[in-house]
Every structure is written in C-alpha cells, then in structure tokens.
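Fold and geometry: a report
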Amino acid sequence: MLKFTKMQGLGNDYVYMDMIHQEIENIPKLAKFVSNRNWGIGSDGLILIDKSNIADFKMKMFNSDGSQSEMCGNGIRCVGKFVYDKGLTNKREISIETLAGIKKLKLNVQNGKVENVRVDMGQPILEADKIPVVSNKEIVKNLKIEAVDKAFMVTCVSMGNPHAVIILEDIDQFDVEKYGKEIENNPKFPNKVNVEFIKIEDRKHVKMRVWERGTGETLACGTGACSAVVAGILNDVLDRNVIVRLLGGNLQIEWKEEDNHVYMTGAAVTVFDGSLYEENILQK
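1. Topic: the environment of Lys204
- Tracing the backbone through its elements, the reader meets Lys204 in the loop between β12 (194-202) and β13 (205-212).
- According to the relative accessible area criterion, Lys204 is partly exposed, its value standing at 46%.
- Residues Lys204 and Asn235, 31 residues apart in the sequence, show an inter-C-alpha distance of 14 Å.
- In this view, Lys204 contacts Asp239, Asn241, Val242 and Ile243; residues no more than four positions away in its chain are not counted.

Here's what the structure looks like:
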C-alpha cells in the first residue's frame, strides 16, 4: 500500500509521494494511473520526494502521460510544504534538487503550517540550443510558428523546461487545446514545448492560459508564469515585478536585474492524504 498526499498550487494539482520511507516501482505507469480522473486519484501528474546528495531533498516530476519533466513551479512550492508540514525538515529555507538544477525555497509558516512559498527559480535560459528550439537567433522572439489555420509570433524561454510564449489580444475565448497541442508538437521544439497564451493588461499585470506538454491545459503553471514575464520584459511590454493572473489564481513573479534570477511567490495547499492499493495499478 502506497501513502500519498494530493496537493495543489493554484489548482495545478499533483499526487505527492514520499520515496524516502517507501519503495515505488514502475513510476510512469503509476503516474498515468494516479492522474486518471476516472480510475485513479485525479491530477495533472505525480511528484516524488526523495533523498539528495547535493540538496535537502530531490524532486522527481512526472506528467499525466507518464513522461518525466525537468521542473514544475507550482509543484516545487507544494514539495516545500510537504516536507515541512510532514516533519521531514524544520528548516524554513531549503534546497530542492531537480532535473533543472537546485532550487532554493523560503517557506512562509503560519500556525505551524506552510502558507506560501517563495522560490528562486534561477536564471532564465534564452539560448536556442539550450531551450531547445531550432533557431539561429541569439534571443528567440518573433519566431513564426504555424498551427492549424493561424500563424503565431513566439518568444522562447526555458526555466529548466522549454516554453513558447504568445501574446494575444484576447485569451478568454481562445481555443487553447486546438492550438496548444499543435504547437507543443511542432518540429522546431525537439523536446516538445509548454505553450503560454498571454494578454498584457498593463506593465504590472498579465493574464495567462497554459498548455502543458504531456498534460494539456492546466489551471496554472509556475515555470510558465516565469517564462511569460521574462518574454514580456524581452518584448518591453512588462516591468520586472509582475502579477500573473492564471485560471487557478495569481502568482507574483520578479526578474531581478541584480542577479538575473527569477523569483516566484505563491500558495501551496494540501487537499487530502490517502493510501493506494498497488494491485489496482497493475490491473489498469
């Protein structure tokens, strides 16, 4: 029997499991099972917490299709809450190893529980070959991508995982699934890509919807919000400290000039704890 915790950051929900005190096998199949909203628990994916030799903890993130991703901004905030609330650490400043490098978290604790988390997301990656995206530009903006019956001008950023940011006049009625899925699989993105559709409200506020590779449209994406702000600054339509309005709520994103790091602050919420019979996974 596997113990789990369902958590969400702005509605971007994952199933979290402690790998320090229990053995977990066939992780891609487990990720697909727990994510299924009919047969499983229901989530955008699976996040595992393990020991690390180079940080306080290690985070492993899997999408709902079983594929592994480098990082998740909403997910890592919940990892901070998980390890503190469950007594795995008593520190309020912790480091988390991810496939996108080590991230540093500051935990805001109220009445013994973590309320919100500030994450140092590191420096944005803008070089085409490191994002990766097929382009010979030094900074990849105004890249023309055709999808279905439209052409989009895209700015590309990586926050440890690849993002394509598209500025639109209106996103409320926009068909995110139709175009997001097509752009995700465009051959210009060798590792596929997360797609952010954003509307600039003013220089300090931006509205965003996101198509996450391997999952689909979600209520929020932390790395996507960071990438959207970086893209907005590169296009000179946003300031360096911005509120990003997502379907699931708001994130505060700051790209500091002093250290070139992007900082994300937002909520982390525990939904419920439970146990999972492993034989149910094998049957699916």
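Here the narrative resumes.
2. Quick look at the layout of surface pockets
- What the largest pocket holds in volume is close to 180 Å³.
- Lining of the largest pocket is provided by 13 residues; of these, Lys3, Phe4, Asp18, Phe82 and Lys86 occupy positions nearest its centre.
- Breaking the lining of the largest pocket down by element, the ones donating at least two residues are β1 (2-9), β2 (12-18) and β18 (269-276).
- Tallied by class, the residues present in the lining of the largest pocket amount to five nonpolar, four polar and four charged.

3. A look at the pairing of strand β15 (residues 241-246)
- Burial along β15 is one-sided: Val242, Val244 and Leu246 are buried, and none of Asn241, Ile243 and Arg245, which face the opposite way, are.
- In the sheet, β15 pairs with strand β16 (residues 249-255) via six bridges, with the strands oriented antiparallel. Counted as the bridge partner of Asn241 is Glu254 from β16.
- Between β15 and β16, which pair antiparallel and follow one another directly, the connecting turn spans two residues.

4. A word on empty space enclosed by the protein
- As enumerated under the stated definition, the model contains one cavity of 30 Å³ or more in all.
- If you add up the space inside the largest cavity, you get close to 50 Å³.
- Taken together, Met61, Asn63, Ser69, Met71, Cys72, Asn161, Asn194, Glu212, Arg213, Cys221 and Thr223 make up the full set of residues lining the largest cavity.
- Of the residues belonging to the lining of the largest cavity, the class tally is four nonpolar, five polar and two charged.

5. Examining helix α2 (residues 73-85)
- If you check α2, its first and last C-alpha atoms are 19 Å apart, about what 13 residues at 1.5 Å a residue would give, namely 18 Å.
- In terms of burial, α2 is largely enclosed, as twelve of its 13 residues are buried.
- Looking at α2, one finds that the buried residues are Gly73, Asn74, Gly75, Ile76, Arg77, Cys78, Val79, Gly80, Lys81, Phe82, Val83 and Tyr84.
- Just downstream of α2, Gly87 is the residue with a positive phi angle, here 75°.

6. Focus: the packing of aromatic side chains
- For the coordinates displayed, the defined rule picks out seven aromatic pairs.
- Their ring planes at 75° and their centres at 6.5 Å tell us that Tyr14 and Tyr16 sit as a pair that is edge-to-face.
- Judged by relative accessible area, which is 1%, Tyr14 ranks as buried.
- By relative accessible area, Tyr16 is classed as buried at 0%.
- Where Phe152 meets Tyr179, the ring centres are 5.5 Å apart and the plane angle is 70°; that geometry is what we call edge-to-face. Here Phe152, found in strand β10 (residues 150-158), pairs with Tyr179, found in helix α3 (residues 176-184); they are 27 residues apart in sequence, far enough to count as distant.
- Relative accessible area serves as the criterion here: at 5%, Phe152 is assigned to the buried category.

7. Concerning unusual backbone geometry
- With omega at -10°, the peptide bond leading from Ile131 into Pro132 counts as cis.
- Checked against the element boundaries, Pro132 lands in the loop between β8 (113-120) and β9 (143-147).
- Positive phi, close to 45°, is recorded for Asn26, a residue that is not glycine.
- Looking at the secondary structure, you find Asn26 in the loop between β2 and α1 (27-35).
- One non-glycine residue, Asn142, lies in positive phi territory at about 60°.
- Within the fold, Asn142 resides in the loop between β8 and β9.

About the criteria used
The numbers attached to residues start from 1 for each chain and follow its sequence in the written order. Residues qualify for local features only when their pLDDT is at least 70, as the model is predicted, and side-chain atom pairs are given and counted only at 80 or more; totals for whole chains, interfaces and linings, by contrast, use all residues. Only hydrogens and water are set aside when side-chain values are computed; all heavy atoms of the structure are taken into account. Numbering of helices and strands runs from the N terminus; a helix is a DSSP stretch of H or I covering at least four residues, while a strand is a stretch of E covering at least two. Note on classification: 1.4 Å probe, protein chains only; a residue is buried when its accessible area is under 20% of the maximum for its type, exposed when over 50%, partly exposed between these limits. A contact between two residues is defined here by any heavy atoms of the two lying within 4.5 Å. Both site types are read off a 1 Å grid over the protein atoms alone. A 1.4 Å probe that fits but cannot get out defines a cavity, while an open set with protein on both sides within 12 Å along at least five of seven lines defines a pocket; lining residues have an atom within 4 Å of a point. Grid points are joined across faces, edges and corners, and a volume is the space filled by probe spheres set on the points. Residues are grouped as follows: nonpolar covers Ala, Val, Leu, Ile, Met, Phe, Trp, Tyr, Cys and Pro; charged covers Asp, Glu, Lys and Arg; every other residue, Gly included, is treated as polar. A pair of strands is considered paired only if DSSP assigns at least 2 bridges between the two. Expected span of a helix: the number of residues minus one, times 1.5 Å. Two aromatic rings from Phe, Tyr or Trp, using only the six-membered ring of Trp, form a pair when their centres are within 6.5 Å; if the ring planes differ by under 30 degrees the pair is stacked, by over 60 it is edge-to-face, and anything between is tilted.

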